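# Commentary on secondary and tertiary structure
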Amino acid sequence: MEKLIKELSEKHPEELPIVKSKYIPDCVIGRTKVWRKGKETITDPNSLFPKDTLQYYIRDYSTENQSWSSKIFHLISRLTVFTVGMGCKFFLKGINTTVLHGEKHLEAALSRPSSQPLISVFNHNSCFDDPGLMGGILSVSQLADYKGMRWSIAASEVIYTTKPLSQFWALGKVVPVVRGWTPKQPAIDFLIERLNEGAWVNIFPEAKVIDKHFDGVYKWGVGRLMAECRTTVPIFLPIYHVGMNRVLPNPQIPGEGQPMVIRP
C-alpha cells in the first residue's frame, strides 16, 4: 500500500495528501480522486447522467421538450427503480415478514407538495437496507413513482468501481459519495440540488454498516443538507429499523459470503 501511495503521489501531485481509507483496506484517497486496488473509482455524480436528463426527475416538470435520448434514459430508470423495488418487496414481505410502525408519518411525508423537499435518515443495519427497505415499506404505486423515489448515496470505493455498475446505481437514483472527504464534496452538492427541486433524499449518517448498538459520531452531511436547502426547510423523517442484518447477515471476516436468509 505504501508503494502505491508513493506511485500515485508522484503521478498526481495535485492530489496530495494521498492517504489510506479507514473504511476499505485496499483503497487510497486523494483530494479529488479515489483509487481501489490502484484503479480510479467514479466520484462525480453528474458524470453518470446524460445531458438534458436530471431536470426531468423533478416532479411536475413538463416533458414537452424532452429529447428522445433523455426519454429512453428515464424509461430505463423507471424500469430499474420499479423492478428492483418489487424484487425487494418479494424478499421482505413475500418470504419474510415486515412490520411497519408509524406508517402515517411516512405517508404524510410522501404526500407533501411537489416543491417541498424531504430528508430521511436510516440507521445502517445491513448492506440490503437500501434498496431492501424501500421494497418493504413503500406501496406498489410508490415504487412505480420513480420521480418521487428517494435519491441516495453509496460509497464510491465499494460499488462505483466500473462504469457499467456505476450506471446501474445511477439509474436507481443512487450516486457516489467518498467516505473520508468532508461534506463539502460533489455528492452532497448534488443532493442539495435535488432537495432544492423538491426531491426526497435518504442517507445513512453512520456512514457504514453497524449491526450492533451505535455509540459513535454521526456524519454531519445531513446538517449541511438541512442548512443549505434554499427553497424551504425540508421535512425531516428519521426511520429506525431492526432485523435487516438477519435477512442479509453481515460478513464477520473478510471474504465471507452473505447468504440471504428467509425468516417468515
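As a starting point, this report considers the structure included with it. (Residues numbered from 1 in each chain as written. Predicted model: local features only at pLDDT ≥ 70, side-chain atom pairs only at ≥ 80, totals over all residues. Heavy atoms only, no water.)

### Things to note about the packing of helix 2 (residues 68-94) against helix 4 (residues 129-137)
Each pair of packed helices can be described by the angle between their axes along with the distance between the axes. Interaxial distance between helix 2 and helix 4 falls to 7 Å at its minimum, and their mutual angle equals 75°. With respect to helix 4, the element helix 2 is oriented roughly perpendicular. Where helix 2 abuts helix 4, its residues Val84, Gly85, Cys88, Lys89, Leu92 and Lys93 lie against Pro131, Gly132, Leu133, Gly135 and Gly136. Across the contact of helix 2 with helix 4, the residue classes break down as 5 nonpolar, 4 polar and 2 charged. (Axes fitted to C-alpha atoms, helices over the stretch in contact; angles between N-to-C directions. Helix = DSSP H or I, 4+ residues; strand = E, 2+ residues; numbered from the N terminus. Parallel < 35°, antiparallel > 145°, perpendicular 65-115°, else oblique. Contact = heavy atoms within 4.5 Å. Nonpolar A, V, L, I, M, F, W, Y, C, P; charged D, E, K, R; others polar.)

### What about helix 9 (residues 221-228)?
Turning to helix 9, its buried residues number three or more, namely Gly221, Val222, Arg224 and Leu225. Down the axis of helix 9, the sector holding all buried residues measures 160°, keeping them to one side. Where helix 9 is buried, its residues contact strand 5 (118-122), helix 8 (186-195), strand 8 (200-203) and strand 9 (235-239). (Buried < 20%, exposed > 50% of the residue type's maximum accessible area, 1.4 Å probe, protein only. Arc of directions from axis to C-beta.)

### Notes on the packing of aromatic side chains
Across all of its chains, the model carries 12 aromatic pairs by this definition. Note on Phe91 and Phe128: the rings are 6.3 Å apart at their centroids and 90° apart in plane angle, and the pair reads as edge-to-face. With Phe91 in helix 2 and Phe128 in the loop between strand 5 and helix 4, this pair connects stretches of sequence that are 37 residues apart. A relative accessible area of 11% places Phe128 in the buried class. On the basis of an interplanar angle of 65° and a centroid distance of 5.1 Å, the ring pair of Phe168 and Trp169 is categorised as edge-to-face. Clustering of aromatic rings is evident, with ring pairs tying together Phe49, Tyr57, Phe73, Tyr146, Trp151 and Phe190. If you follow Lys71 out to its NZ or CZ, it ends over the ring of Trp68, 4.6 Å from the centre. (Phe/Tyr/Trp six-rings, centres within 6.5 Å; stacked < 30°, edge-to-face > 60°. Lys NZ or Arg CZ within 6 Å of the ring centre and 35° of its normal.)

### Structural notes on the sheet that holds strand 7 (residues 174-177)
Spatially, the 5 strands line up as an open sheet ordered 7-6-8-5-9, and their pairing is parallel. With partners counted over all chains shown, the strands left at the sheet margins are strand 7 and strand 9, one partner each. Pairs of neighbouring strands in the sheet enclose a mean axial angle of 25°, with direction left out of account. Relative to strand 7, strand 6 (residues 151-155) runs parallel, the two being bridged by 4 bridges. By the bridge assignment, Ile153 is partnered in strand 7 with Val175. Set on the sheet, helix 3 (residues 103-110) makes contact with strand 5, strand 8 and strand 9; between it and strand 9 the angle comes to about 145°. Taken strand by strand, helix 9 contacts strand 5, strand 8 and strand 9, and its axis lies near 170° from that of strand 5. (Pairing = 2+ DSSP bridges.)

### Here we look at empty space enclosed by the protein
Applying the stated criterion across every chain, the model contains 1 cavity of 30 Å³ or more. Approximately 60 Å³ is the volume found for the largest cavity. What lines the largest cavity is Tyr57, Ile58, Arg59, Ser114, Lys147, Trp151, Arg194, Glu197, Gly198 and Ala199. For the lining of the largest cavity, a count of residues per class yields 4 nonpolar, 2 polar and 4 charged. (1 Å grid on protein atoms, 1.4 Å probe; cavity = no way out; pocket = protein on both sides within 12 Å on 5 of 7 lines; lining within 4 Å. Points joined across faces, edges and corners; volume = space filled by probe spheres on them.)

### A closer look at the sheet that holds strand 4 (residues 39-40)
Taken together, the 4 strands give an open sheet; going across it, the order is 1-2-3-4, and neighbouring strands pair in antiparallel fashion. Of all the strands in the sheet, the pair left with one neighbour each is strand 1 (19-20) and strand 4. Bridge count for strand 3 (residues 34-36) against strand 4 is 2 bridges, and the pairing is antiparallel. In the sheet register, Trp35 faces strand 4, and the bridge partner there is Glu40.

### Things to note about helix 8
Within helix 8, 7 of the 10 residues are buried, leaving the element largely enclosed by the surrounding structure. Every buried residue of helix 8 is listed here: Ala187, Ile188, Phe190, Leu191, Ile192, Arg194 and Leu195. Those residues of helix 8 that are buried lie in contact with strand 5, strand 6, strand 7, strand 8 and helix 9.

### A word on the pattern of salt bridges
Across all of its chains, the model carries 10 salt bridges by this definition. Here Arg150 and Asp130 are joined by a salt bridge, their closest N and O atoms 2.9 Å apart. Note that Arg150 is positioned in the loop between helix 5 (140-144) and strand 6 and Asp130 in helix 4, a separation of 20 residues in sequence. A salt bridge links Glu197 to Arg194; the nearest nitrogen and oxygen atoms lie 3.0 Å apart. For Glu197, a relative accessible area of 24% puts it in the partly exposed group. You can call Arg194 buried: its relative accessible area is 3%. Taken together, the shared-partner salt bridges in this structure form one network comprising Lys184, Asp189, Arg224 and Glu228. (Salt bridge = Lys/Arg side-chain N within 4 Å of Asp/Glu carboxyl O.)

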